[in-house]
Amino acid sequence: MTVSSKIQILRTVQQVRQWRHQTLINNQSVGFVPTMGALHQGHCSLVAESIKENDKTIVSIFVNPSQFAPHEDLNNYPRTLDRDLEILSTEFRNKPVDAVFVPKMSEMYPNGIVLEVEKQRGTFVTVHGSSEQLEGVTRPQFFRGVATVVTKLLNIVQPTRVYFGQKDAQQCVVIRNLVKDLMIPTEVRVMPTLRESNGLAMSSRNEYLSKEMKDKSSIIYRALRKGEELFNKETKLHHKKSVESKLIISEIADLIQQDPDFEIEYIAVSHPETLEDLGEVKPGLGAVVSCAVKAPKENSNELTRLIDNIILN
Ligand code: PAF
C-alpha cells in the first residue's frame, strides 16, 4: 500500500454527499480547502489551519478549465496528483486530512465546457464589481470561472468553513462577495500569505523562476513593505489623516524599476472590501495594496506574472 492510498479519495459528487452526510450525523464541523493541485507550503498552511479549526478536513484537487482563457494553455498547467496525495498524507501526521475530492471534468461540468465564454452553455456565476479590475483586466474570464467552480464546490461539500490564501487578495474578495450574495452558509477564512525566507510570496509560478531570479524577486515584497513604511511614517509618526495613493504607488514602483528584469503590470491601492480604487488611504479604513509584476522564466524568452499584496491599516 502506498502512503497516499491511506487517504480517502472521493471521485463523484454522490460520494462527497455521502461523506458529508456522515459528518452531519456525527455533528462534526467540516473545513474545506479547494485547490488546483501542484500543492506547496502555502496550500499546506491552509490545510493545517482547517485541521486545527474543524473536526474533519476535505481538500479538492481540480484544474478548473473555466478560469483559463483559450490562449492561457490549460494543458500545460502542472498536474501532480500522486505527489499531491503524498504531501497530504505525510505532512499532517497527527491529524490527517480526512478526504480528497478529485472529480473528473464531466462530474463538475456535466454539460461539457469550452473555454470561449461566448460558446459556453449552462449556469455561470459572475461577481460584478470586484471581478473586472486588477487581475480581471488581463484575465477577463478568470473570476467568472473561479466563482462558478467555487459555487459548485461549496454546494457539493457544504463545508462549515472554507480556506483561501491572502496572496490571491482579489479572489478572496470575489468569494466573500459570492458567499454573502448567494447566502451560502459557509464561513470564509482568509489566511496570511506564506513567504519564502527572502519574502517572496509562495506560488506554483515560482517554479518557473531560476534560483537567481527567485532571489531577485524578493524585490516585490520589499517594495510593498516600503509602501507600507511610507504610510506608517506619515500616519503614525507625522499624524497625517490620510496618505495619497499615488505616493505609496510611486514608492513601490521606484524600487521595482531599479531592476530592469522586472516589468510592472499594475500597482493598485484599493478598498479592502469592494476593491474600488482609492485616491487616498486613511488609517482605520485601510487598503489593500496589490501588484502584478512580470519576471523572466528560466531557460525561456517568456515572462511569468508574480502577484503579491499587503494590507494597510
Ligand atoms: O486558487 C485556486 O487554486 C483556484 O482559483 C481555486 C480557488 C481552487 C478555484 O479553482
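Note: the structure precedes this text.
Predicted, not measured: the structure shown is a model, and the values here were computed from it.

Calculation criteria
- Residues numbered from 1 in each chain as written.
- Predicted model: local features only at pLDDT ≥ 70, side-chain atom pairs only at ≥ 80, totals over all residues.
- Heavy atoms only, no water.
- Helix = DSSP H or I, 4+ residues; strand = E, 2+ residues; numbered from the N terminus.
- Buried < 20%, exposed > 50% of the residue type's maximum accessible area, 1.4 Å probe, protein only.
- Axes fitted to C-alpha atoms, helices over the stretch in contact; angles between N-to-C directions.
- Parallel < 35°, antiparallel > 145°, perpendicular 65-115°, else oblique.
- Contact = heavy atoms within 4.5 Å.
- Nonpolar A, V, L, I, M, F, W, Y, C, P; charged D, E, K, R; others polar.
- Pairing = 2+ DSSP bridges.
- 1 Å grid on protein atoms, 1.4 Å probe; cavity = no way out; pocket = protein on both sides within 12 Å on 5 of 7 lines; lining within 4 Å.
- Points joined across faces, edges and corners; volume = space filled by probe spheres on them.
- Left-handed = near helix turned anticlockwise from the far one by under 90°.

## Here's the deal with the environment of Ala292
Looking at the secondary structure, you find Ala292 in strand 10 (residues 287-296). Residue class for Ala292 comes out buried when judged on its relative accessible area of 0%. Distance from Ala292 to Val97, taken between C-alpha atoms, is 33 Å for residues 195 residues apart in sequence.

## Topic: the packing of helix 1 (residues 13-25) against helix 6 (residues 142-157)
Viewed as axis vectors pointing N to C, helix 1 and helix 6 meet at an angle of 45 degrees, and their least axial separation amounts to 8 Å. Judged on the interaxial angle alone, helix 6 and helix 1 are oblique. Of the residues in helix 6, those touching helix 1 at Val13, Val16, Arg17 and Arg20 are Asn155, Ile156 and Val157. Its residues placed into classes, the contact of helix 1 with helix 6 shows four nonpolar, one polar and two charged.

## Some thoughts on the sheet that holds strand 6 (residues 187-191)
The six strands lie next to each other as 1-4-3-2-5-6, forming an open sheet whose pairing is parallel. Edge positions in the sheet fall to strand 1 (8-10) and strand 6, since each of these pairs with one other strand and no more. Strand after strand, the sheet turns through a mean of 25 degrees between neighbouring axes, direction not considered. Contacts from helix 1 reach strand 1, strand 2 (30-35), strand 3 (56-61) and strand 4 (99-101), with the element oriented near 130 degrees to strand 1. The strands touched by helix 3 (residues 81-90) are strand 1, strand 3 and strand 4; relative to strand 3, the strand with the most contacts, the crossing angle is about 165 degrees.

## Quick look at empty space enclosed by the protein
This structure, assessed with the given rule, holds one cavity of 30 Å³ or more. In this structure, the largest cavity spans a volume of roughly 40 Å³. In terms of lining residues, the largest cavity is bounded by Gln67, Phe68, Ala69, His71, Glu72, Thr138, Arg139, Pro140, Gln141 and Phe142. Looking at the lining of the largest cavity, its residues break down into four nonpolar, four polar and two charged.

## Describing the packing of helix 6 against helix 7 (residues 169-181)
Where helix 6 meets helix 7, the axes come as close as 10 Å, and the angle between the chain directions of the two elements is 50 degrees. One finds that helix 6 runs oblique with respect to helix 7. By crossing handedness, the relation of helix 6 to helix 7 is classed as right-handed. Seen from helix 6, the contacting residues are Phe142, Phe143, Val146, Ala147, Val150, Thr151 and Leu154; seen from helix 7, they are Gln170, Gln171, Val174, Ile175, Leu178 and Val179. Across the contact of helix 6 with helix 7, the residue classes tally to ten nonpolar, three polar and no charged.

Note that all results are geometric; they support no functional claim without further evidence.
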